[in-house]
Structures are given as structure tokens and as C-alpha cells.
Amino acid sequence: MDRTEKAFQALLAQEIETPSWAYGPSGTRFQVFHIPGEARNVWEKLEDAALVHRLTGLAPRVALHIPWDWVEDWHGLRVFAEERGIGIGAINPNLFQDGDYRLGSLAHPEARVRSKALAHIRECLEVMRATGSRVLSLWLADGINYPGQDSFRARKQRLLEGLQELCASLPQDVRLLLEYKFFEPAFYATDIPDWGTAYALVQRLGAKAQVLVDLGHHPQGTNIEALVAFLLDEGALGGFHFNGRKYADDDLIVGSINPYELFLIYHELVTADEEGGVAGETARRLVFMLDQVHAIEPKVEAVILSLLNCQEAYAKALLVDREALREAQEKGDVLLAHRILLEAYRADVRRLLAEVRQAKGVPVDPLRAYREGGYYEEAVRRRG
Ligand code: AFD
Ligand code: MN
Ligand code: MN
């Protein structure tokens, strides 16, 4: 099968979860601007997510955030989603908004708060049983704001103990994806600040815990594709929270600021998949999710554009001539190797993507279909 045919097959199978919170009111710590027609509850979020999947064929599951998306009848919610052609994906506990979590959750100095956090995570595991979710996506805002506030090592011990207790009772088919973040909301030190800390922790948690890479969670200048390659090779990469950033955790549309970086990340995933071994195994089990906040732009269109940016980056990464690249690398031919990557990045994949979309039975131009379909105006009419 030639490279374009292989790319076509791989693109048919591409799936990315969209986050429920991308469809509803969200913003920054300065303001939440309400966008007309935005989803007002989890049911409307699922309606929007189903529309996105109908128009792109890329997003068959929606990640939920608990308790933001809390309902009494989880089975009913699952049926509501499945009747619209989508399912419930990763479940995201919320250990950062309850007043008790002012000084942290699993790393909190008080045992009472640490057990409250574990109880909330267990409540999320119950939800997963009802929704059929397999991925627990755990982000802890834990950290400190002042030197001397707490002991770094005591916090690390508390955190590790809580995570070990959680992993000892994870249901059979559930994976824990542990997220890290450089700073914010803690501004002096974060208890899981970087991929190295997350990697060291998951080594202590057993095979069902892996690292979740959120693109916006790194210091400026971090080489994300390099750390992705390392975590793949260690079998420690579980998945991604895709977004775009210029400065910090800006949660902008993935690929909107640095599409080349997104391509280089996908190149590492495709290379690992082709080369097999632990990295290949790990690459094939990755969970792809958007994690974005559309503070000023119409939500559904932003999600569609995000998915198309990922689809384009993946298509280009699939077109890299890896045999020629390996040969040039082994010969130390610096610029030939570099140009082989550039060649793929510069490929015009619009026809290939149109064929993939045709094969999926979705519009060849999803954004145009969205606008011409009058979905935005319809949502504004119905939801105000
Ligand atoms: C915020 C956090 C983190 C988390 C997301 C959903 O920075 O990325 O995954 O909220 O809880 O963006
Ligand atoms: Mn995230
Ligand atoms: Mn984030």
C-alpha cells in the first residue's frame, strides 16, 4: 500500500474527544462573555457535540466534567448521547473549585480534605460505570503560593499516597491519565508541574496510570514533540489535551498559533506507530481530547476548526517519507533530513482530506456546511 493509501486508511480511523466545557459559557478569570446560542446545560452540550461529529466524523465521544455536567440519570444521559450518534468519553473530576480545596486536594495538609478528594474521584468512577467511560482524566490544581507555605516533600508524599490508594482500587478496564501543569492557579509551585514529575509518579502507580500531555501546560520554549517521544518510548504517554497557546495555558484553538509544532507532535506518534515496540503499542492506545475554552468566539465553529486542524496535521505527518528520513538521519545529512520533514509539512492535503470526508459520509468542507446549514442562527433562536 503506498504512503497516501496508508494515510487515507489512518485518517478514516482518527478520533478526538471534544470537551463538554467547550460548548458552554467559559472564559478567563477576568470575564466570561456569553456567546449567543451557547449550550446552557449538558443536554445542549451533547446536542452540539453530536452536530460536530455529524459534520466532521472525527469526534464520536464527549469528555464530561463532574460536577459541572452532573445529572441524576447517567444512563439516560448515555442513551441521549447514543441516540445522537455519540458516546460519553473521559470523565474529569473537579478538585479545584470546592472551598475545601483552597490549599490543595490530594496534597492538602489536612487528612479530611484529602479523603474528601478521594471520595469525589470515587464518585466519578461510579459515573464512569454508568456512562461506559474508560478514561479518568485527572488534573490537580494543587500547589502553593508562597515559599515556606508547606513542605514540598510532605506534599509529594501525601499526593503519591492518595494516587496509590486510588490506583489500587481502579476498576479493571479504567485508565488513569495524570495531567501536569507548569503553574496556575498556584503561582509559586505546583505539585505536578511538569512531565518529569508526572512520569515519576506514574512509575509508582502501576500500568494503568499514564501521563496526559496538555499542550498549554509547559514553560515557554518547551520542546513538546521531544518529551512526547520520550514518554512514548517509556510506554508512559496516555493521551493529549489539545489546545493552542501563545503565552501560557491560553486554551486557544489547537493549531491556530503553532501548526508546525502540532505536525511535529503527530510525526512522533506516526513514527512510533510505524516502528512498533513499546512506543508503537503506546501510540496506538493514545486518547486524543480537545481541552479548550472559547472565550470570545462561537463555540461549535471553534470546535470544528480545532478538529480540522488536528486532521490536517495528522494527514501531513502521515505523508513523511520515513524510509528516506531514516537514511538521511543515519548518514548525518542534516538538511536533507530536515527538508524531508518540511516536504511533508508543506504538502497540500486538501484533496486527500476531501476524499477521507467523502468516504466518511461527511461534508468535504465542514465549516462551510456548518455556516450554510444555519446551525448557529438556529441555536441562537432556540437558546437566545
Ligand atoms: C483547565 C486546566 C486543565 C484541565 C482542564 C479541565 O488547566 O487543563 O484539564 O481545566 O479540567 O484547563
Ligand atoms: Mn487539560
Ligand atoms: Mn489547562
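Preceding this section is the structure that the text describes.
Starting from 1, residues in each chain are numbered consecutively following that chain's sequence as written. Chains carry letters from A onward and ligands carry numbers from 1 onward, assigned in written order. In keeping with the predicted nature of the model, local features appear solely for residues at pLDDT of at least 70, side-chain atom pairs appear and are counted solely at 80 or more, and the whole-chain, interface and lining totals rest on all residues. Think of the side-chain values as coming from all heavy atoms in the structure, minus any hydrogens and water.

**Focus: the coordination of the manganese ion (ligand 2)**
Between any two of four tetrahedral donors, the ideal angle at the metal is 109.5 degrees; between two of six octahedral donors, it is 90 or 180 degrees. Around the manganese ion (ligand 2), the donor atoms from the protein are Glu179 (OE), Asp214 (OD), His241 (ND1) and Asp291 (OD), and they sit 2.1 to 2.2 Å away. For Na, K and Ca the donor cut-off is 3.2 Å, while for other metals it is 2.8 Å, and in both cases only N, O and S atoms qualify; water is not among them, so sites may look incomplete. Donor residues for the manganese ion (ligand 2), ordered by position in the chain, follow E-x34-D-x26-H-x49-D.

**Some words on the packing of aromatic side chains**
Any pair of Phe, Tyr and Trp rings, taking the six-membered ring for Trp, is counted once the centres come within 6.5 Å. Such a pair is stacked with planes under 30 degrees apart, edge-to-face with planes over 60 apart, and tilted for the rest. Evaluation of the coordinates by the stated rule reveals 19 aromatic pairs. Plain terms: the ring middles of Phe183 and Phe187 are 6.1 Å apart, the flat faces sit at 50° to each other, and that makes the pair tilted. Phe187 gets classed as partly exposed once you look at its relative accessible area, which sits at 47%. Ring centres 6.1 Å apart and planes at 15° place the aromatic pair Tyr260 and Phe263 in the stacked group. Of this pair, Tyr260 and Phe263 both sit in helix α8 (residues 259-275), separated by 3 residues, roughly a single helical turn. Using a relative accessible area of 27% as the deciding quantity, one classes Tyr260 as partly exposed. Aromatic rings pair up to connect Phe240, Phe242, Tyr266, Phe288 and Tyr314 into one cluster. Charge-over-ring contacts are defined here by two conditions on Lys NZ or Arg CZ: a distance within 6 Å of the ring centre and an angle within 35 degrees of the ring normal. Arg84 extends its terminal NZ or CZ atom over the ring of Phe80, reaching a point 3.5 Å from the ring centre. Lys116 extends its terminal NZ or CZ atom over the ring of Tyr101, reaching a point 5.9 Å from the ring centre. The buried label applies to any residue whose accessible area, calculated with a 1.4 Å probe on protein chains only, is under 20% of its type's maximum; exposed applies above 50%, and partly exposed to all values in between. The secondary structure listing takes helices from DSSP runs of H or I that are at least 4 residues long and strands from runs of E that are at least 2 residues long, numbered from the N terminus.

**Examining the site of ligand 1**
We call a residue near a molecule or strand when any one of its heavy atoms sits within 4 Å of it. Near ligand 1 you find Trp21, His65, Trp139, Glu179, Lys181, Asp214, His217, His241, Asp249, Asp251 and Asp291, and these make up its full shell. Between Lys181 and ligand 1, the recorded distance is 2.7 Å, taken from a side-chain N or O atom to an oxygen atom. Asp291 is positioned such that a nitrogen or oxygen atom in its side chain is 2.7 Å from an oxygen atom of ligand 1. Surface accessibility in these figures is a Shrake-Rupley result with a 1.4 Å probe; residues are shielded only by whichever protein chains are displayed. With the chains in place, 91% of the 300 Å² that ligand 1 exposes on its own is no longer accessible. Split by residue class, the shell around ligand 1 holds 2 nonpolar, 3 polar and 6 charged. Polar contacts, as counted here, are pairs of nitrogen or oxygen atoms within 3.5 Å of one another; within protein the pair requires one atom able to donate a hydrogen and one able to accept it, and residues that are adjacent in sequence qualify only if both atoms are side-chain atoms. Ten residue types, Ala, Val, Leu, Ile, Met, Phe, Trp, Tyr, Cys and Pro, are classed as nonpolar, four, Asp, Glu, Lys and Arg, as charged, and the remainder, Gly among them, as polar.

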